[in-house]
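Structural characterization, general
Now for the letters of each chain:
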Amino acid sequence: MSELIQYKCPGCGGSVTFDSGLQKMKCPYCDAEFEIDSLREYDEVLSQDSGDDMTWDTSAGGEWNDNETEGMKVYVCSSCGGEIVCDDTVSAAVCPYCDSPVVMKGNFAGDLRPDLVIPFKYDKKAAINAYENHIRGKKLLPKQFRDKNHIDEIKGLYVPFWLFDADVNANVRYKATTVRMWQDGSNQYTATNCYSVIRGGTVSFANVPVDGSSLMPDELMQSIEPFDISEAVDFNTAYLSGYLADRYDVTADDSVEIANGRIKTSTENSFMNTVSGYQTVIPESSSISLSNGKARYALYPVWILNTTYEGNRYTFAMNGQTGRMVGDLPMDRKAYRRTFATFFAIGTAVAFAAATILSIL
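Predicted model, so just to flag it, every value in this text is computed and none were measured. (Residues numbered from 1 in each chain as written. Predicted model: local features only at pLDDT ≥ 70, side-chain atom pairs only at ≥ 80, totals over all residues. Heavy atoms only, no water.)

**A word on the pattern of salt bridges**
In the structure shown here, the tally under the stated rule is four salt bridges. For aspartate 57, the salt bridge goes to lysine 294, with nearest N and O atoms at 3.4 Å. Taken together, the positions of aspartate 57 in the loop between helix H1 (36-47) and strand E4 (73-77) and lysine 294 in strand E12 (residues 280-309) put the pair 237 residues apart, joining distant regions of the chain. The shortest N-O distance in the salt bridge between aspartate 165 and arginine 296 comes to 3.4 Å. (Salt bridge = Lys/Arg side-chain N within 4 Å of Asp/Glu carboxyl O. Helix = DSSP H or I, 4+ residues; strand = E, 2+ residues; numbered from the N terminus.)

Structure (structure tokens):
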């Protein structure tokens, strides 16, 4: 059976044909020209592409020791359904996520035991000070929010995380271009050269974090990163005393896709940093193969602060290890319009002055 061989243009993806006049392959869509040998080599490179092999050992966490969970309780939120774990020293009356009442569900049992925990280094007073510093000096913040707003609830919460370690063997192909422009009389010309740049090697990843709680907004947790994993210690229930712990509802297996995406993107970007001398560099194909892929279960310390202003709820989070505070704030629209009008007036005046000077010259 005969086989139809079709070559694709590396520039636009269109089918290229042989131009007898040029004695080259030419793309009828973008007018790119290729030597036959170069196009054949490029086709051989494409045939070597393979898929990713990203499998993990997700047996994170361990079994609880005898009597280790004695005195630990589980509470469930009547509104958002979130479950939190704490010991007898905590009076858990309000959900740290939505401020709704929580009710006692029963004694804690069944979940995996964390491998690691990063203990709190900042207390409640430090979290309040960080919040006050966060809103101080914000010119577009409504004055009533600054003067009359109060913290509805503040809770120290251990957030569950899955940490992924792996060695990566990768081959990445990039589409790179150089552009040269010149003018001949009244005619302008542009020549774009396309290149296939290949990089390969090994990269080791350690402690790639994926949030194990669906109730904790990912963007909020990412904003207070990073956490210093070097200060993590082996888990002990004593660290939970006086704090809440979110009960994970996203398993390590369900977190693999996010971990793979972060590792794949980081690998492609890392290899891309070794490619220079081109106007554009775009990842075109990558083959990622994992080895020694292992997940661990850890708890990260976070202070959650909730406030209410004009019927709207605002949530702030502070990294309980580093003290970094983040959170959205309301905006005084009148102040914003005044500020915009002032800058617009200044810009107009500068533009007018520049035009006057030019007309004088």
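Past the structure itself, the notes keep going.
**Some points on the pairing of strand E5 (residues 83-86)**
Looking along a regular strand, one sees side chains alternate from face to face of the sheet. Relative to E5, E4 runs antiparallel, the two being bridged by four bridges. Among the inter-strand pairings, valine 74 is bridged to a residue of E5, identified as valine 85. Counted along the chain from E4 to the antiparallel partner E5, the turn is five residues long, and its residue glycine 81 has a positive phi close to 80°. In terms of strand pairing, E5 meets strand E11 (residues 244-246) through two bridges, oriented antiparallel. Paired with isoleucine 84 across the bridge in E11 is aspartate 246. (Pairing = 2+ DSSP bridges.)

**Comments concerning the side chain of threonine 178**
By the secondary structure assignment, threonine 178 is in strand E8 (residues 151-184). Judged by relative accessible area, threonine 178 falls into the buried class, the value being 16%. When sequence neighbours within four positions are dropped, the list of residues in contact with threonine 178 reads Ala191, Thr192, Asn193, Tyr195, Gly277, Tyr278 and Gln279. (Buried < 20%, exposed > 50% of the residue type's maximum accessible area, 1.4 Å probe, protein only. Contact = heavy atoms within 4.5 Å.)

**Notes on unusual backbone geometry**
Of the consecutive residues glutamate 225 and proline 226, the connecting peptide bond is found in the cis state with omega at 5°. Unusually for a residue other than glycine, asparagine 207 sits at a positive phi of about 60°. Residue placement: asparagine 207 occurs in strand E9 (residues 187-211). One non-glycine residue, asparagine 292, lies in positive phi territory at about 60°. Take asparagine 292: it is sitting in strand E12. A residue is classified by how much of its surface remains accessible, and asparagine 292, at 61% relative accessible area, is exposed.

**Observations regarding the nonpolar core**
Counting 52 residues, the largest nonpolar core has Tyr158, Phe164, Trp303 and Leu305 as its most contacted members. Looking at this core, the elements that each hand over two or more residues are helix H2 (124-135), E8, E9, helix H5 (252-272), E12 and strand E13 (312-319). Considering every element that reaches this core, the biggest residue donor is E8, with ten residues. Of all hydrophobic cores here, the second largest spans 24 residues; its members include Tyr97, Met221, Ile224 and Val302. (Core = buried A, V, L, I, M, F, W, Y, C linked by side-chain atoms within 4.5 Å.)

**Some details on H2**
Over its twelve residues, H2 runs 17 Å from end to end, which matches the ideal 16 Å to within 8%, given 1.5 Å per residue. All buried positions along H2 are accounted for by Ala127, Ala130, Tyr131, His134 and Ile135. The buried residues of H2 occupy one face: seen down the axis, they fall within an arc of 125°. Its side-chain oxygen 3.3 Å from the backbone nitrogen of lysine 125, aspartate 123 forms the N-cap of H2. One or two positions beyond H2, positive phi appears at glycine 137, with a value near 80°. (Expected span 1.5 Å × (residues − 1). Arc of directions from axis to C-beta. Polar contact = N/O pair within 3.5 Å; in protein donor to acceptor, adjacent residues only side chain to side chain.)

**Structural notes on the environment of isoleucine 36**
Secondary-structure assignment places isoleucine 36 in helix H1. Along the backbone, isoleucine 36 and methionine 25 are eleven residues apart, and their C-alpha atoms lie at a distance of 6.2 Å.

**Concerning the pairing of E9**
For E8 and E9, the ladder comprises 23 bridges, and the chain directions are antiparallel. Counted as the bridge partner of phenylalanine 161 is aspartate 211 from E9. Counted along the chain from E8 to the antiparallel partner E9, the turn is two residues long, and its residue glycine 185 has a positive phi close to 70°.

**Re the packing of aromatic side chains**
Across all of its chains, the model carries 14 aromatic pairs by this definition. Geometrically, the ring pair formed by phenylalanine 120 and tyrosine 158 is edge-to-face, given 4.9 Å between the ring centres and 75° between the ring planes. Pair noted here: phenylalanine 120 is in the loop between strand E7 (116-117) and H2 and tyrosine 158 is in strand E8, with a separation of 38 residues, a long-range link. Given a relative accessible area of 14%, phenylalanine 120 falls into the buried group. Taken together, a centroid distance of 5.2 Å and an interplanar angle of 75° make the contact between tryptophan 162 and tyrosine 248 edge-to-face. A residue pair is termed long-range when its members are at least 10 positions apart, and tryptophan 162 in strand E8 and tyrosine 248 in the loop between E11 and H5 qualify at 86 residues. (Phe/Tyr/Trp six-rings, centres within 6.5 Å; stacked < 30°, edge-to-face > 60°.)

**Some details on the environment of tyrosine 189**
Relative to the elements of secondary structure, tyrosine 189 occurs in strand E9. Setting aside its immediate chain neighbours within four residues, tyrosine 189 contacts Arg180, Met181, Trp182 and Asp184.

**Regarding H5**
The terminal C-alpha atoms of H5 lie 29 Å apart, and with 21 residues this matches the ideal 30 Å at 1.5 Å per residue to within 8%. Along H5, the largest kink reaches about 25° and is centred on isoleucine 258. Buried residues of H5: Ala252, Ser255, Val256, Ala259, Asn260, Ile263, Thr267, Glu268 and Phe271, and no others. Where H5 is buried, its residues touch E8, E9 and E12. (Bend = angle between axes of the 7 residues up to and from the residue.)

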